[in-house]
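Chain by chain, the residues run as shown.
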Amino acid sequence: MLSRRDSLLALMALPLLTPRDVFAAAGVNPFTLGVASGTPRADSVILWTRLAVDPLRGGGMPRGRAEVRWTVWQDAEQRRVFREGRTWTSDADAHSVHVTLDGLQPGREYWYQFSVGDAQSAVGRTRTSSAADRAAKLALASCNAWESGHFAAYADMADWSPDCVIHVGDYIYEGGIGRLGVNTRKVGGRDVTSETVRLHNSPEIKSLWDYRNRYALYKSDPSLQAAHAAAPWIVAMDDHEIDNNWAGDIPEDPDQQTLLEFKVRKLAALKAYYEHMPIDRPPAINGLEASLPMYGAFRFGPALVHLLDTRQFRSDQPCGQGFPGDASCDAMNDPALTMTGGEQERWLLDSLKRSDAAFNVLASQTWFAPYRYNAPPEAPKVNMDQWDGYGVQRQRIIDALADGVSNPVVLSGDWHAAAAMLIHQRPFDARSARVGHNFCGTSVSSNCPWAGALDDAKSFNPHVDYVDGTKRGYIRSTVGSGDWVATYRTVDSPADPASRCSTAIEMRTRDL
Ligand SMILES: [Fe+2]
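Residues numbered from 1 in each chain as written. Predicted model: local features only at pLDDT ≥ 70, side-chain atom pairs only at ≥ 80, totals over all residues. Heavy atoms only, no water.

Asker: Just checking my understanding: could you explain a nonpolar patch on the surface for this structure?
Answerer: The grouping of Ile177, Leu180 and Leu199 at the surface amounts to a nonpolar patch, some 260 Å² of accessible area in total. With respect to the helices and strands, Ile177 occurs in the loop between strand S10 (164–167) and strand S11 (181–187). A residue is classified by how much of its surface remains accessible, and Ile177, at 48% relative accessible area, is partly exposed. (Patch = residues over 30% accessible without salt bridge, like charges linked within 9 Å, V, L, I, M, F, W, Y side chains within 5 Å. Areas by Shrake-Rupley, 256 points an atom, 1.4 Å probe, with all protein chains shown as cover. Salt bridge = Lys/Arg side-chain N within 4 Å of Asp/Glu carboxyl O. Helix = DSSP H or I, 4+ residues; strand = E, 2+ residues; numbered from the N terminus. Buried < 20%, exposed > 50% of the residue type's maximum accessible area, 1.4 Å probe, protein only.)

Below is the structure:
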C-alpha cells in the first residue's frame, strides 16, 4: 500500500495538477506552518503563511503558481468581514504568502485567515500600532534552539496577547543533529549539564533547501504557531539564522568556508528568512551579493522601538572571537569598528533626536551594557561579540542617549541569560551618570553554559541588578508613560512542551 507521502509524490508527478487537486486528493491541509502577522504600522500590517504539504522535504507543493484567498474580520467571532482578497504564490518563494494589508485604523485588532480550495488556515489575531495608545504590551523573545528545549514560553506569550512580539534573533539554529538525553561537559572548569529534548532534521544547514526545511521544522511547533497567531511580530536576525558569530561577509570560521561559499550560504539564508517571516521586503540580490532590509522604527504608544540590525553591516569581532576576550587588546579601540554600519547609526541617532516618545528603545540582538568577567582594576575581560567589543561606537550612542533622550531602554537577547542592568555614561564606571536601562531576555529554549561564569562575575559589575542564566523564558514589558515594568517569565521545565510558566522577577525602571 502506498503511504500518504508516496501518494503525494505520485500525484505531483502528474502534469497540470493544481495545488487544489493535490490537497483534495491527499486530504492534506497545506497550512502546516501556521499563520503570522508582522511589521505593524498605524495603518498596515503584513499577513503571512506558507503552503507546505510535506514541510520537512521542501514543502511538497507542485511547481508553478497557486492562488490563496484571505479574509480579515473586525471581530474575534468572525462576524464582521473587514476585507477579502486573493493573492498568488509560487515555488519561486517556497509557496510563501506575504499580504500587505493597508488602510487600517491605528491601535485596532483584526483577525485573519487564509484558504486554498476547501482547506483553511488557523485564524490569527493582529493589531496595528498607535502613537496614541496610553500603554503598550511588548514581548521580547530570542534564541529558540529546537534541540535544547520545547517552546512552552511561546504558549505563555500567546496567552498574554501582547500588542507586539519583538524577536531579536536566533529564530533557528544552523547546527546539525545532536544526541538525545542529558549531556554533561566541562565549561570553564565546571561540569555543565544540558538536555537534548528533540532533534534537528539534518546536518548543519547550508543550502536554500536546508534552510527552508529547518524553518519548517521550527514552525511545526504548536506553541510557536500560537505566538505568531496571537500578535504581530517585528523581527531581526542575529547570527544563528546563518552561521555562529558571522559579521558582514565574514563567517565564524573563514578557514573552513571560503568567502564565496559563505556568500552563497548567506544568500540562501536571507531568502529563506524572508520566506518564513511576516516582513514586507524580500532580499535585494545582485549576483552573489544579498542584503535584507531589517532595521526600522515602530511606535507603540509611549514607546518608540528601534529594531536594530547588528549583523549585516558589522565589522568583524576585534581581538578574536574568544570569550571572554581581553579588553587590553588595542584593536578594540579602533573608532572605525561598527555594529550597525554608518548609515544605520545616523538613522538611529537622528530618530532619537527627533523623538517625542516617553520611552526610547533600542532592540539590539546582543547585550548593550557592559559585563566584565574579571575583577577591576585589570582591563575588563568581556564578550567581543557583544557591544563590549565595539566600545567606541557604543560610547557615541550612549552620549547621544544622554543628550536629552527620554528614558532610554535597550532590549537584548543573544546571551541566553536574563539580566537587568543600568547603562552609565561611562559604561564600566557605575559612579558615572545613569543614562538608561538594559533588559535582557533569557532564551526561549537555548542553553546557557556560561551561567556560572555570569554568576561568579556579578560582583565585578555593580551596574547589574539582576542576572540569571539558569532559566529559559522571555520578558513581558508593560509600558506606561512614566514606568516600564519588565516581567521575566520563565519555563518550569524546558523538557515539557506543556510546561507551566511563572514570573521569576519583575523589574521597574522607576525602582532601578
Ligand atoms: Fe542564541
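Asker: Explain the state of the cysteines here, please?
Answerer: Here a disulfide denotes a covalent bond joining the sulfur atom of one cysteine to the sulfur atom of another. Going through the model one piece at a time under the given rule, you end up with 1 disulfide. The thiol of Cys164 is unpaired, and the distance to the nearest cysteine sulfur, on Cys143, comes to 18 Å. According to the relative accessible area criterion, Cys164 is buried, its value standing at 0%. (Disulfide = S-S within 2.5 Å.)

Asker: Could you clarify how one ought to interpret helix H3 (residues 152–160) in this entry?
Answerer: Each full turn of the α-helix corresponds to 3.6 residues, which orients residues three or four apart in the same direction. Within H3, 7 of the 9 residues are buried, leaving the element largely enclosed by the surrounding structure. Among all positions of H3, only Ala152, Ala153, Tyr154, Asp156, Met157, Ala158 and Trp160 are buried. Just beyond H3, the residue with positive phi is Ser161, at close to 55°.

Asker: I would appreciate a short explanation of the layout of surface pockets in the present structure.
Answerer: Rolled over the atoms, a probe with the dimensions of a water molecule shows which regions are left empty. Computed from the structure, the largest pocket encloses a volume of approximately 1,100 Å³. Elements with a contribution of two residues or more to the lining of the largest pocket: S11 and strand S12 (190–196). When residues in the lining of the largest pocket are grouped by element, the largest group, 5 residues, is from S12. Within the lining of the largest pocket, the residues separate by chemical class into 11 nonpolar, 16 polar and 14 charged. (1 Å grid on protein atoms, 1.4 Å probe; cavity = no way out; pocket = protein on both sides within 12 Å on 5 of 7 lines; lining within 4 Å. Points joined across faces, edges and corners; volume = space filled by probe spheres on them. Nonpolar A, V, L, I, M, F, W, Y, C, P; charged D, E, K, R; others polar.)

Asker: Explanation requested: the sheet that holds strand S5 (residues 96–101) in the structure shown.
Answerer: Backbone-to-backbone hydrogen bonds pair the strands of a sheet. The strands run either parallel or antiparallel. What the 9 strands build is an open sheet, ordered S5-S2-S1-S13-S10-S9-S25-S26-S27; its pairing is mixed. Lying at the two open borders of the sheet, with one neighbouring strand each, are S5 and strand S27 (501–508). Taken over all neighbouring pairs, the strand axes of this sheet differ in orientation by 30° on average, direction set aside. When strand S26 (residues 484–491) meets S27, the two strands line up antiparallel, connected through 7 bridges. If you follow Val485 over to S27, its bridge partner there is Arg508. Sheet strands touched by H3: strand S9 (136–141), S10, strand S13 (232–235), strand S25 (473–479), S26 and S27. Its angle to S25, the strand with the most contacts, is close to 20°. (Pairing = 2+ DSSP bridges. Axes fitted to C-alpha atoms, helices over the stretch in contact; angles between N-to-C directions. Contact = heavy atoms within 4.5 Å.)

Asker: Honestly, the coordination of the iron ion in this entry has me stumped. Any pointers?
Answerer: Distances from the iron ion to its protein donors, Cys143 (SG), Asp170 (OD), Tyr173 (OH) and His416 (NE2), fall at 2.1 to 2.5 Å. Considering all 4 donor atoms around the iron ion, angles at the metal cover 87 to 169° and the coordination shape is irregular. (Donors = N, O, S within 2.8 Å, 3.2 Å for Na, K, Ca; no water. Tetrahedral: all angles 85-135°; square planar, octahedral: opposite > 155°, others 65-115°.)

Asker: I'm lost on the domain arrangement of the chain in this one. Help?
Answerer: Put simply, an interface is often sized by how much accessible area is lost when its parts join up. Splitting the chain by domain gives domain 1 (4–127) and domain 2 (136–508). Using C-alpha coordinates to define each centre, domain 1 is positioned 30 Å away from domain 2. Counting residues at the interface gives 29 residues for domain 1, matched by 31 residues for domain 2. Buried area between domain 1 and domain 2, summed over both chains or domains, comes out near 2,300 Å², and the portion from carbon and sulfur atoms is 54%. (Domains from an automatic or database assignment. Buried area = accessible area lost by both parts, 1.4 Å probe.)

Asker: What should I look at first to understand unusual backbone geometry in this one?
Answerer: Where the residue is not glycine, phi is negative for most of them; where a peptide bond is considered, it is trans in most cases. Here the bond from Pro376 into Pro377 is cis, since omega is 10°, no more than 30 degrees from zero. For Gln78, which is not a glycine, the phi torsion comes out positive at approximately 55°. With respect to the element layout, Gln78 can be found in the loop between strand S3 (65–73) and strand S4 (81–90). Judged by its relative accessible area of 32%, Gln78 falls in the partly exposed class. Even without a glycine there, the phi angle at Asn407 is positive, about 40°. Following the sequence through the fold, Asn407 ends up in the loop between helix H8 (391–402) and strand S21 (408–412).

Asker: Please clarify how the pairing of strand S23 (residues 434–440) should be interpreted in this entry.
Answerer: Look at any regular strand and the pattern is simple: side chains alternate between the two faces of the sheet. The element S23 is largely enclosed, with a buried count of 6 among its 7 residues. For S21 and S23, the ladder comprises 4 bridges, and the chain directions are parallel. Across the sheet, Val410 pairs through a bridge with Asn438, a residue of S23. Where strand S22 (residues 418–424) lies against S23, 6 bridges are found, and the strand directions are antiparallel. Opposite Ile423, over in S23, you have Gly436 as the bridge partner.

Asker: Explain the pattern of salt bridges here, please?
Answerer: Close approach of charged atoms lets side chains of opposite charge pair. For the structure shown, the criterion picks out 33 salt bridges. The shortest N-O distance in the salt bridge between Asp133 and Arg127 comes to 3.0 Å. We classify Asp133 as buried; its relative accessible area is 18%. Its relative accessible area of 13% is what places Arg127 among the buried residues. Among the ionic contacts, a cluster of salt bridges with common partners joins Asp93, Arg212, Lys271 and Glu275.

Asker: Help me understand the sheet that holds strand S19 (residues 359–364) in this model?
Answerer: Here we have 7 strands laid out as an open sheet, ordered S16-S17-S19-S21-S23-S22-S24, and mixed in their pairing. With one partner strand each, in any of the chains shown, strand S16 (296–300) and strand S24 (464–468) form the two edges of the open sheet. Taking the axes of each pair of neighbouring strands and ignoring which way they run, one obtains an average angle of 20° across the sheet. Strand direction decides the pairing type here: strand S17 (residues 303–307) and S19, joined by 5 bridges, are parallel. Within the sheet, the bridge partner assigned to Val305 lies in S19 and is Val361. Sheet strands in contact with helix H7 (residues 342–354) are S16, S17 and S19, and its direction is about 175° off that of S17. Packed onto the sheet, H8 meets S19, S21, S22 and S23 and runs at close to 115° relative to S23.

Asker: In this structure, what is going on with the packing of helix H4 (residues 208–219) against helix H6 (residues 259–276)? I would like to understand it.
Answerer: To characterise two packed helices, one gives the angle between the axes of the helices and the distance between these axes. Following both chains from N to C, one finds H4 and H6 inclined at 35°, their axes separated by 8 Å at the closest point. Between H4 and H6 lies a crossing whose hand is right-handed. When H4 is examined against H6, the residues Leu208, Tyr211, Arg212, Tyr215 and Lys219 are found in contact with a partner set consisting of Arg265, Ala268, Ala269, Lys271, Ala272, Tyr273, Glu275 and His276. Taken together, the residues of the contact of H4 with H6 sort by class into 7 nonpolar, 1 polar and 5 charged. (Left-handed = near helix turned anticlockwise from the far one by under 90°.)

Asker: Just checking my understanding: could you explain the packing of aromatic side chains for this structure?
Answerer: Aromatic ring pairs are described here by two measures, namely the spacing of the ring centres and the angle between the planes. Applying the stated rule across the entire model yields 20 aromatic pairs. Ring geometry for Phe82 and Tyr110: centres 5.1 Å apart, planes at 55°, overall tilted. Of the two residues, Phe82 is situated in strand S4 and Tyr110 in strand S6 (residues 109–116); the sequence distance between them amounts to 28 residues. Among the residues examined, Phe82 registers a relative accessible area of 26% and is labelled partly exposed. (Phe/Tyr/Trp six-rings, centres within 6.5 Å; stacked < 30°, edge-to-face > 60°.)

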